Structure formats: structure tokens, C-alpha cells
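An overview of the molecular structure
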Amino acid sequence: MNQNETGSCSILLIDDESFAEDIISHGLKGCVAHTLRYASQPSMAVELAKEIDATVVLVDLRMPEIDGFEVTRRLRADKDTEGVPVIMLSSEDDADIKAKAFAAGANDYLVKWPDPRELVARVRYHNDAYIARRQRDAAFVSLRRSQEQLEASQSALQQAQKMEAIGQLTGGVAHDFNNVLQIVGGNLQLLKLIGDLNDAGRARVDMALAGVERGAKLSSHLLAFARRQPLQEVVVNPGHLLREMDEMMRRVLGPRARVVTEIDHSLGSTMVDPHQLHNVLLNLAINARDAMAGSGTLTIRATNVEPDSLSASEVLSGRYVLIEVADTGAGMPPEVLARAFEPFFTTKPTGQGTGLGLSMAYGFVKQSGGEIVLKSTPGKGTSVRIYLPRSDAEAAQPEAVADGPLLGGLETILVVEDEEDVRSTTCAILSALGYRVLEAPDAAAAMAIVESGQAIDLVFTDVIMPGPVSSLQLAEAVRDRLPLAEILYTSGYAEGVLAHEGKLEATVNLLQKPYHPDALSARIRHLLRRRHQKPALSGTA
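From a predicted model like this one, the values you see are computed outputs, not experimental measurements.

1. Describing the packing of aromatic side chains
Summed over the entire model, instances satisfying the criterion amount to 3 aromatic pairs. Taking 6.4 Å as the distance between ring centres and 75° as the angle between the ring planes, the aromatic pair formed by Phe-19 and Trp-113 counts as edge-to-face. Taken as a pair, Phe-19 in helix 2 (residues 19-27) and Trp-113 in the loop between strand 5 (108-111) and helix 6 (116-194) lie far apart in primary sequence, 94 residues in all. Residue Phe-19 is classed as partly exposed on the basis of its relative accessible area, which comes to 42%. Relative accessible area serves as the criterion here: at 31%, Trp-113 is assigned to the partly exposed category. A ring pair is formed by Tyr-320 and Tyr-387, whose centres lie 5.7 Å apart and whose planes are at 75°; its orientation type is edge-to-face. You can see Tyr-320 sitting in strand 10 (residues 320-327) and its partner Tyr-387 sitting in strand 12 (residues 381-391), a full 67 residues away along the chain. Overall, Tyr-320 belongs to the buried group, its relative accessible area being 8%.

Below you can see the structure in the form of C-alpha cells.
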């Protein structure tokens, strides 16, 4: 109420004699900025004190049924009125009565009828003291809330700094790891392709390649957590993806689990990498299966979220598409929940989990401009909420490039790679597929080949290379001198070069290291087929 801010008095008078209102009202004429509310029913004292936000209560001592002592006790018993000053009015100037009044909780005692000057002085004193006390209490509450918010902000900052430091480390490790995997995997594939292996040798190579594939997934998860995984974003409707994944989710969870899918029929679209979103949702389903020990209920919900329906403590205000994956599993205690997004943190037994599922989800969602909120209660289950910014654009169908069997051709391919072992292996694979292969150890050497006038159908170039010429400058030269040539990039870590804020332009073709020869051959054939269509599309021979 405003009077508590301005210092005005809100006075409640409880007396069974109605003339008391006239006497008190007359006595308070010298009390500026006050309001007086009179009531003859003492049973209404607490209710009326709340209604007028009383800053002082004057109560008669002797009243039928409920006396002033009881009124005072009732005011003190209610949390909303326990601190309101009470001045007892009585015709009895008796020390024992006064003592009893103070024992009941009264703040003051006036003998009827007090001099107006004394009445005003007492009322003003108790009113000002009460308002000051309330302001002090409000200040302490505000200070405590500010301290809690500061502690929460400091904790969030420390967590963000820790995650960023871990992200930088894992991103760098993943980059070098991808090059090593490319050398190992490429040579194994080359051996399998042209090595004339017997069955035992082929089985050994396949086992080694399976290990390379596991390493590639691990590296991909690390890059996703570090928010350094180049995202090929398109506008998609997550509802379509969830419906397509429904059968897969049921197979992942097994026959004893129940899957409930709730998708808003008016679900909006979002700009996201659909392949990475698919991986995140699949990992969350696997986590849920493990948490529920194969049985229970997994609920997948997708809906639109408007700014006015968001909790400020959960995510920033905005228009989102919410995807929630909730299970009825074992849940997590607070100490586990606090570390759940950290890479390699897992409560599973050794060998039963990498601890990268949630960390990958965290990195992907953050890199996509969204928010991820994890809530869990021991014994009741876990909920993962993914908030992705909503897009008003129409959902597009991305051009699919399916990996197929090894396919070759007779075109000329320029391979640009500073890692000699990677370059040698890649050139050998492409040569084995029938291509005419040119090679360059850096972009400057490749530039010289391009400017020499040689016919080149496709340039397959690493993104990060030493030397005065960058891969982007090489690409500009190729587009200028060889406008029909296709450009295919490859990298184990392309942050800040091709990817802007971790996102690739739709026109950029990138094959992540380590790449499988099947994927390489399929991508090259796809681009070369597109190249052969260019003259027809442009109307030239």
C-alpha cells in the first residue's frame, strides 16, 4: 500500500462504543496524511487490518465476548499482521493491567481519553517505526535475493568457463585425432581395396576399420560438445523428424518400454542440422532406456513456446520450438545432475558408456542458438528440454546424398592436403577408382596448378593448411579460372574458416574427417554429376 512508502498512517480503531470513533477522529486532526477505519466488531480485527494495510491498530481493552487482550493475540498470531503496532485503549490506569496488555503483545497503552497531542505523537511514533522496520525487512529480502542471484550468476559463469575450457581442449584434440584416424582408416580401406587379402586378412582389416569408426564417432561427439562441429543447417519441422524416428525409438527402448509421442499439430519450424538433431534425440532415448532398465515410459513432446509462457530462470524470452524427452527412470541426485553435461562423466559401469551423450546434446543445442534444460528427481525420472529458436520460413527438404558403394570415374581431381600421409592415401584411393589425380601439398601449389590451365573437374581440398594462400583464396581462384569445377572441402575441425558461428553456408560442400571411401566416392560422384548438368542448365554446349 502506498502509505507505507509515503509515511502516511493507516489506522484501525476497534471499539464497541461508536462514539469512540468521533473522539479518536477529533484527536487525530493534528496527524497529517492519515486514514482512519472504525469497526465495532473485534472479531473482524485481523481481516480489516489486512484489508487497509494498517500501520497502527487502536483497540479498546474492555469489550463483550472478545476483549483487547484477545484481539492483540490474534493480530500477533497471523503472519500478515504480527508486526503491526497495537495501542491498547483503557479507562483503567492500573499497572497490572498494563503489564498484562504488554504481555499479550501490545506496543503501547493509553488511558482514555488521551490528550490529542499525546495521541498524535504516539500514533506517529509507532507508525514511523513500523514503516521503517518494513522497509528494513524489504531491503534485507532484496539483498538476500540479490546475493542468491549473484551466486547463481557466478556459478553459471564458472560452469560456462569450465565448459569453454574443456571445449577448447576437446576441439583441438578432436582435430588432430581426426587426421590420425584418416591416415589409419584410409590405408586400411586402400589395403582392403587393392591388397588382394584372404578371408582372415579381410576380417582383421574389418575389425580395425570398426575401431576407426568408433574413434570417428567419439571425435564427432567431442566436437559437438565443444560447439566446433560444422552444422549444415536447414529449416525443418521437428515433428516430421520425430515421426520418422518413432519406430526407431521403440526398437531402441525394447518391448517392455512404452513410448508416448505428443506432437503439436501446429508445431513450428526451426533452423537446425537435422542429422545432428537426429543423433541427439537418439542418444537421449538410449540414456532413457538405460535409466529405466528397459522398462517404463518415455514421453517425447514437441510444442511451440511463446515468450509469455517461459520461466525467466529457465531460458531467455523468445519464440521457441520445445522438444522434451522425459523418462520414468531412476533419476539423478543433485550432485550428479550438476555434472551431467560434462564430457566423459558417467555413472555407468566401466565399458558401458562414454559419458558423451548429454555433453554432445549440450554442445549441439548451444551451437544451434537454443537452450537445453535438464531436470531430474531421484526415483521419479529425468526430463531433457531442448528449446530451439522458431523460424517463420517454410521447412525445406535438404538435398540428400546417400552413401553408396565405391564408384569411380575418368574425371580429373586435384587433391590439396598438407598432411602427406593423408594426401597419399586419398590420392591412391581415387586413382584406384579410375580418376586422374593431381596433388598439391598446400593451397599455393594448388593455385599454380589451377593457373597452369590444366583441365580440372573437382578440387578436393583441406580447409586448414599452412602457407600464404588459404583454402578460401584457392576456392576463389578455382571459381574464377574454372567456373565449371566443383569444390569439395574436408577438415577435422573447420571452425572460423568455413563455419561462421559454427554454421556452414548452404552452398558449402564439406566432408568431415575421417571420411570413409564410400562416402568420399558418393560425394564426388554426386558433385560431378551436378557439374555435368551445368552446361545444359546454362544453355551452353
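That was the structure; now back to the text.
2. Examining the confidence of the model for the chain
Counting all residues, the mean pLDDT for the chain is 82, and 83% of those residues have values of 70 or more. For the chain, helix 1 (residues 3-6) is the element with the lowest average pLDDT, namely 46, and strand 13 (residues 412-416) is the one with the highest, namely 95. Predicted confidence for residues 400-404 stays below pLDDT 50, and this span has 8 contacts to residues more than four positions away or in other chains. Throughout residues 536-541 the model reports pLDDT below 50, and contacts reaching past four residues in sequence, or to other chains, amount to 2 contacts.

3. Let's talk about the environment of Leu-337
Within the secondary structure, Leu-337 is located in helix 10 (residues 334-337). When the C-alpha positions of Leu-337 and Ser-376 are compared, they lie 7.2 Å apart, and in sequence the two are 39 residues distant. Apart from the residues within four sequence positions on either side, Leu-337 is in contact with Met-332, Leu-374 and Ser-376.

What counts and what doesn't
- Residues numbered from 1 in each chain as written.
- Predicted model: local features only at pLDDT ≥ 70, side-chain atom pairs only at ≥ 80, totals over all residues.
- Heavy atoms only, no water.
- Phe/Tyr/Trp six-rings, centres within 6.5 Å; stacked < 30°, edge-to-face > 60°.
- Helix = DSSP H or I, 4+ residues; strand = E, 2+ residues; numbered from the N terminus.
- Buried < 20%, exposed > 50% of the residue type's maximum accessible area, 1.4 Å probe, protein only.
- pLDDT = per-residue confidence, 0-100.
- Contact = heavy atoms within 4.5 Å.

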